[in-house]
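A closer look at the structure
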Amino acid sequence: MLTPVLEKLLILQDRDIRRRSLEAQLKAVPQEIALVEQKIAGEKAAIDAAKSELKELETKKKLIETEIGVTEGKLAKYRTQQSQVRKNDEYQALGHEIEAGEAAISAFEEQELAVMYSIDEAKKKFAAAEAVLKANISGHESRIKSLKERETNVSGELKSAQAALEVAREPDGESRLKVYDRNAIRNMPAVVAVHGGKCGGCHLKVSSEVESAARGKGADATTPLPTCDQCGRIVYWES
Ligand SMILES: [Zn+2]
């Protein structure tokens, strides 16, 4: 049989554990939301990266087209000049310029083809990144929504758990609460049963004095609480 004092302490401990678990859940919610938001941001960043890659490639393509235009302009000029010169060496010099210009244009055209191929690839990458976000976003959003709902629910539960805890703390007397609180800071559970002569918290053997005190023979409201010799937890006898 548990003494009324221990019964009260065990109720206090139960409520304390409940409050702690709710607090831990509540603390975890913003971190979980941040993780989901991070995922969304990552997916958006992939889209942005693909978009800017595409933009860069398109700029590159325009630059190449400009170069081709400029070179074609020069070629047209050389051809006109070539048709007007009379001296053979001038004619030949212009011929070299024309050849060089034509070679440059075909090099530019090759570059342009490569860039166009890269543009196709970048477009695919962009579409894939967009598809990933699109496929995931509703899941992400409902996850955030349910996390926020949980936050609200757990806050409410925590409020009532705290109130219940305060009620459980009221009648027990300062010194007993002190022993409980000292243990609860570092040794949860603070109130443990003795089984087979061993403390249920640290699992070490308790002394025979503690064991008989835990049995509560002759204990009344003024008897100090029996505590484990090793870890200091409040102990009680459980047959
Ligand atoms: Zn112990």
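Nothing here was measured: the structure is a model prediction, and the numbers come from that model. (Residues numbered from 1 in each chain as written. Predicted model: local features only at pLDDT ≥ 70, side-chain atom pairs only at ≥ 80, totals over all residues. Heavy atoms only, no water.)

Topic: the coordination of the zinc ion
Four donors placed tetrahedrally around a metal ideally meet at 109.5 degrees, and six donors placed octahedrally ideally meet at 90 or 180 degrees. On the protein side, the zinc ion has Cys199 (SG), Cys202 (SG), Cys228 (SG) and Cys231 (SG) as donor atoms, found 2.2 to 2.4 Å from it. With four donor atoms in place around the zinc ion and angles of 106 to 112° between them, the coordination shape is tetrahedral. On the basis of relative accessibility, which here comes to 3%, the residue Cys228 falls in the buried class. (Donors = N, O, S within 2.8 Å, 3.2 Å for Na, K, Ca; no water. Tetrahedral: all angles 85-135°; square planar, octahedral: opposite > 155°, others 65-115°. Buried < 20%, exposed > 50% of the residue type's maximum accessible area, 1.4 Å probe, protein only.)

Focus on the nonpolar core
The tendency in soluble globular proteins is for nonpolar side chains to be buried as a group. Membership of the largest hydrophobic core comes to 17 residues, with the highest contact counts inside it found for Leu9, Leu12, Tyr180, Val191 and Ile234. Elements represented by at least two residues in this core include exactly α1 (4-84), α2 (88-169), α3 (174-186), β1 (191-195) and β3 (234-237). Once residues lying within four places of it in the same chain are set aside, the contact partners of Tyr180 are Leu9, Leu12, Gln13, Asp16, Met188, Ala190, Val191 and Ile234. Residues Leu94, Phe108, Val115 and Ala122 belong to the second largest nonpolar core, which totals 13 residues. (Core = buried A, V, L, I, M, F, W, Y, C linked by side-chain atoms within 4.5 Å. Helix = DSSP H or I, 4+ residues; strand = E, 2+ residues; numbered from the N terminus. Contact = heavy atoms within 4.5 Å.)

Description of the environment of Glu238
Examined against the element boundaries, Glu238 turns out to sit in the segment after β3. Between the C-alpha atom of Glu238 and that of His195, which follows or precedes it by 43 residues, the distance is 6.8 Å. A polar side-chain atom of Glu238 sits 3.1 Å from a polar atom in the side chain of His195. (Polar contact = N/O pair within 3.5 Å; in protein donor to acceptor, adjacent residues only side chain to side chain.)

Some words on the pattern of salt bridges
Per the stated rule, a full pass over the model turns up 13 salt bridges. Its salt-bridge partner being Arg150, residue Glu32 comes within 3.5 Å of it at the nearest N-O pair. One end of the pair, Glu32, is in helix α1; the other, Arg150, is in helix α2, with 118 residues separating them in the sequence. For Glu121, the salt bridge goes to Lys124, with nearest N and O atoms at 3.3 Å. Of this pair, Glu121 and Lys124 both sit in helix α2, three residues apart, which is roughly one turn of that helix. By relative accessible area, which is 34% here, Glu121 ends up partly exposed. Salt bridges sharing common partners tie together Asp16, Arg19, Arg20 and Glu23. (Salt bridge = Lys/Arg side-chain N within 4 Å of Asp/Glu carboxyl O.)

Focus: the packing of α1 against α2
The N-to-C vectors of α1 and α2 enclose an angle of 165°; their axes lie 5 Å apart at closest approach. Judged by the inter-axis angle, α1 sits roughly antiparallel to α2. In this structure, α1 meets α2 at a crossing whose hand is left-handed. When grouped by side-chain class, the residues that make up the contact of α1 with α2 number 42 nonpolar, 12 polar and 32 charged. (Axes fitted to C-alpha atoms, helices over the stretch in contact; angles between N-to-C directions. Parallel < 35°, antiparallel > 145°, perpendicular 65-115°, else oblique. Left-handed = near helix turned anticlockwise from the far one by under 90°. Nonpolar A, V, L, I, M, F, W, Y, C, P; charged D, E, K, R; others polar.)

Thoughts on the pairing of β1
Counting buried positions along β1 gives four out of five residues, so the element sits mostly inside the fold. Here two bridges tie β1 to strand β2 (residues 198-199), and the two strands are oriented antiparallel to one another. By the bridge assignment for β2, Val194 is matched with Cys199. Linking two consecutive strands that pair antiparallel, namely β1 and β2, is a turn of two residues; a positive phi of about 55° is found at Gly196 within it. (Pairing = 2+ DSSP bridges.)

As for the packing of α1 against α3
The N-to-C vectors of α1 and α3 enclose an angle of 35°; their axes lie 12 Å apart at closest approach. Every pair of crossing elements has a handedness; the one defined by α1 and α3 is right-handed. Mapping the contact onto sequence places Val5, Leu9, Leu12, Gln13, Asp16 and Arg20 in α1 and Arg176, Leu177, Tyr180, Ala184 and Ile185 in α3.

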